[in-house]
Amino acid sequence: MTDTLQDILDTIGGIIWGPFVLIPLLFLTGLYLTVRLGGIQFLRLGAALNLGLLRRKDPGAQGDISQFQALTTALAATVGTGNIVGVATAIGIGGPGALFWMWITGLLGMASKYTEAFLGVRFRQADAKGERNGGPQYYLEKGIRGPLGKILGWSFTVFAVFACFGIGNLTQSNSIAANVEHSFNVPVWVTGLILTAFALVVLVGGIKSIGRVTAGFVPIMIVFYVVAALYILGANIGEVPAALATIFHDAFTGTAAAGGFAGSVFIIAVQYGFARGIFSNESGMGSAAIAAAAAQTSHPVRQGLVSMTQTFIDTIIVVTMTGLVIVTTGTYSQVDPATNEQLSPALMTGQAFSHGLPGQWGHWVVTIGLVMFAFSTILGWAYYGERNIVRIFGRKIAIPFRVLFSLIVFVGATTQLDIAWSFSDMMNGLMAIPNLIGLLILSGLVARETRAYLKFDPKLKATPEEISAALADEPGYQSWRVREAELDREGGRAPQTPATRTVPLPPDE
């Protein structure tokens, strides 16, 4: 029965991630949004990094957590096993060229990430506790009038609830336990208990607790991993140009079978590059918009740009480090002596790092990196899942869900879950489809309001008072401000920005 279910999931996943569904939809949506937003990810990246990483806060703005905490929560959810095991899987099956297509998902995905984060803030709501809620489950229904919006919004909600247990829990805890056992001989049940306890401590406190933990934890884990990778690339600097040439060449030609390497053709490189790319950075899936909606921000454009940097950090920096180390050291084509087959993805990355670091440091760095990445993903996805299940059952389900999610961490750590990866890929794809359709439909609204804001504040330095004055005649901003004031009153908080006049919501383009 398990084999049959595996075959079914693989078949469905193959269709979703095949050349006729998500691959063209992801590529064309990212390309269309890039053009319609004027290449915003290239022109505004510097200002976005400055606001998100250096200034970190938007003084006088409303929300539950700072912009930096919203960014690190989203990074926590995305920088996970996909950055270590996922990259190795893409290269192992799709060849070195798959890394190029992961870059493409990152560069074009930054426009998608900006758009969904903008919409997450633009259409956010308040729950019974006064906390900000947002994401595709809200903006698809609120932004797209009629039955289509409801269908897209509720489809995303259901798929996200299922996906949070796959991509955000079972695969992460399973990878942690397996690698800790392999590297340090710690029984999986011990790792499972420790992970469950830590998850409970953090998650019971909700988004504010998650935000505080990720704000301190995520930067450390990324710097730790990137520094180790840069050391290896520096030690093998002579091989880097050839590795880059191989990546670009194989992106369009595929790699011939050699030794234990399964080989690939062009479409396989594209398919696995896109599949593992979105698994890693989640651009187009809509998940990061949920964290963005909780941010303290004085305009949706500002948080959209901050959230956009998450994809840059995840894919252009962290994924690139893993991929270059694997290709530079040549471990993607090595054979495991124990099985006479290609190295497994987890072993492939560990072996690659061992080439450049003394003793067992390579495997330890990968294991420690994977533990940090995967546990942070559990925290981020717990919040994503909670926000969607709360939409179905109400605020009363929040605490029981947090406890259940933490307990399932133990299940993932102690159970063989090969099938969970196929399930995760399928659910990722099913989440992305309604969201991508919604991004295309709402792109006119996003482009119009983005132009209005960046026309007067391209460096993202305006105060809330300056924004209110400059956009006094901009209907979209005025409608958002009126709604924000209502959310503050519903949550028992006094509005923190200048009062605005009521203006009807402009029709979507």
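Heads up: the structure comes first, above all this text.
In short, a report on the structure. Here the structure is a predicted model, which means the values were calculated and not measured. (Residues numbered from 1 in each chain as written. Predicted model: local features only at pLDDT ≥ 70, side-chain atom pairs only at ≥ 80, totals over all residues. Heavy atoms only, no water.)

**A closer look at the layout of surface pockets**
Our working rule: Every definition here rests on a 1 Å grid over the protein atoms only: cavities are sets of points where a 1.4 Å probe fits but cannot get out, pockets are open sets enclosed by protein on both sides within 12 Å along at least five of seven lines, and lining residues have some atom within 4 Å of a point. Grid points are joined across faces, edges and corners, and a volume is the space filled by probe spheres set on the points. Under the DSSP-based scheme used, a helix requires at least four consecutive residues in state H or I and a strand at least two consecutive residues in state E, with every element numbered from the N terminus.
Taken as a whole, the largest pocket holds about 800 Å³ of empty space. Together, 35 residues line the largest pocket, and Val 85, Ser 175, Pro 345, Asp 418 and Trp 421 are the ones closest to its centre. Going through the elements one at a time, helix H1 (2-16), helix H9 (147-184), helix H13 (266-281), helix H16 (345-356), helix H17 (361-393), helix H18 (398-414) and helix H19 (418-441) are the ones with two or more residues in the lining of the largest pocket. A per-element tally of the lining of the largest pocket places H9 first, with 7 residues.

**Here we look at helix H11 (residues 206-235)**
We apply this condition: Here a helix's expected span is defined as the number of its residues, less one, multiplied by 1.5 Å. Working definition for bend: take the seven residues up to and ending at a residue and the seven starting at it, fit an axis to each, and measure the angle between the axes.
For H11, spanning 30 residues, the distance from its first C-alpha to its last is 43 Å, which sits close to the expected 44 Å at 1.5 Å a residue. Maximum bend of H11: about 35 degrees, positioned at Thr 214.

**Side note on the nonpolar core**
As a reminder of what qualifies: Nonpolar cores are built from buried Ala, Val, Leu, Ile, Met, Phe, Trp, Tyr and Cys residues. Side-chain atoms within 4.5 Å join them into one set. Each residue's exposure class comes from its accessible area (1.4 Å probe, protein chains only) as a fraction of the maximum for that residue type: buried when under 20%, exposed when over 50%, partly exposed otherwise. Note on contacts: a residue pair is in contact if any heavy atoms of the two residues lie within 4.5 Å.
Ranked by internal contacts, the top residues of the largest apolar core, which has 146 residues, are Tyr 114, Leu 119, Ile 222, Leu 305, Phe 353, Trp 381 and Tyr 384. Here this core gets 15 residues from one element, more than from any other, and that element is helix H7 (residues 97-122). Apart from the residues within four sequence positions on either side, Leu 305 is in contact with Ile 40, Arg 44, Ala 48, Tyr 114, Leu 454 and Leu 460.

**Let's talk about the pattern of salt bridges**
Quick note on the threshold: A carboxyl oxygen of Asp or Glu within 4 Å of a side-chain nitrogen of Lys or Arg is what we treat as a salt bridge.
Applying the stated criterion to the full structure yields 11 salt bridges. Notably, a salt bridge pairs Lys 150 with Glu 141, separated by 3.0 Å at the nearest N-O pair. Residue classification places Glu 141 among the buried positions, given a relative accessible area of 17%. For Glu 386, the salt bridge goes to Arg 402, with nearest N and O atoms at 2.8 Å. Separated by 16 residues along the polypeptide, Glu 386 in helix H17 and Arg 402 in helix H18 bring together distant segments of the chain. Across the pair, exposure class does not vary: Glu 386 and Arg 402 are buried alike. Because the salt bridges share partners, they merge into one network encompassing Asp 58, Arg 302 and Asp 457.

**Observations concerning the packing of H7 against helix H15 (residues 300-329)**
This is how it is decided: Interaxial angles span 0 to 180 degrees and are taken between N-to-C directions of axes, which are lines fitted to C-alpha atoms, for helices over the stretch in contact. Throughout, the term roughly parallel applies to angles under 35 degrees, roughly antiparallel to angles over 145, roughly perpendicular to angles from 65 to 115, and oblique to all others. In a left-handed crossing the near helix is turned counterclockwise from the far helix by less than a right angle, and in a right-handed crossing that turn is clockwise. When residue character is reported, Ala, Val, Leu, Ile, Met, Phe, Trp, Tyr, Cys and Pro are called nonpolar, Asp, Glu, Lys and Arg charged, and the others, Gly included, polar.
Orientation of H7 relative to H15, taken along the N-to-C sense of each, is 160 degrees, at an axis distance of 7 Å. Here H15 runs roughly antiparallel to H7, going by the angle between their axes. In this structure, the crossing between H7 and H15 has a hand that is right-handed. Classifying every residue of the contact of H7 with H15 gives 17 nonpolar, 10 polar and 2 charged.

**Details of the packing of aromatic side chains**
Condition: The criterion for an aromatic pair is that two Phe, Tyr or Trp rings (for Trp, the six-membered ring) have centres within 6.5 Å, with stacked assigned to planes under 30 degrees apart, edge-to-face to planes over 60 apart and tilted to the rest.
Considering all chains together, one arrives at 16 aromatic pairs under this definition. Here Tyr 114 and Phe 118 contribute two aromatic rings whose centre-to-centre distance is 6.1 Å and whose plane-to-plane angle is 40 degrees, an arrangement assigned as tilted. Taken together, the residues Tyr 114 and Phe 118, both in helix H7 and 4 residues apart, mark about one turn of the helix. Phe 118 matches Tyr 114 in its accessibility class, with the two residues each being buried. A ring pair is formed by Phe 165 and Phe 405, whose centres lie 5.7 Å apart and whose planes are at 40 degrees; its orientation type is tilted.

**Some words on empty space enclosed by the protein**
What the rule picks out here adds up to 2 cavities of 30 Å³ or more. Approximately 90 Å³ is the volume attributed to the largest cavity. If you trace the largest cavity, you find 13 residues lining it, with Leu 26, Thr 105, Gly 109, Phe 274 and Ser 283 closest to the centre. Tallying contributions element by element places H7 first for the lining of the largest cavity, with 5 residues. By residue class, the composition of the lining of the largest cavity is 6 nonpolar, 7 polar and no charged.

**Looking at a nonpolar patch on the surface**
Under the convention used in this document: For patches, a residue must show more than 30% relative accessible area and have no salt bridge; joins then use 9 Å for like charges and 5 Å for nonpolar side chains, namely Val, Leu, Ile, Met, Phe, Trp and Tyr. Accessible surface area values rest on a Shrake-Rupley calculation with a 1.4 Å probe, where residue burial reflects the displayed protein chains alone.
Residues Phe 184, Phe 224, Trp 361, Trp 364 and Ile 368 make up a contiguous nonpolar surface patch of roughly 460 Å² in combined accessible area. Inspection of the secondary structure puts Trp 364 in helix H17. Among the residues examined, Trp 364 registers a relative accessible area of 31% and is labelled partly exposed.

**Re the environment of Arg 481**
Structurally, Arg 481 is set in helix H22 (residues 475-490). Residues Arg 481 and Leu 31 lie 450 residues apart in sequence; the distance between their C-alpha atoms is 30 Å.

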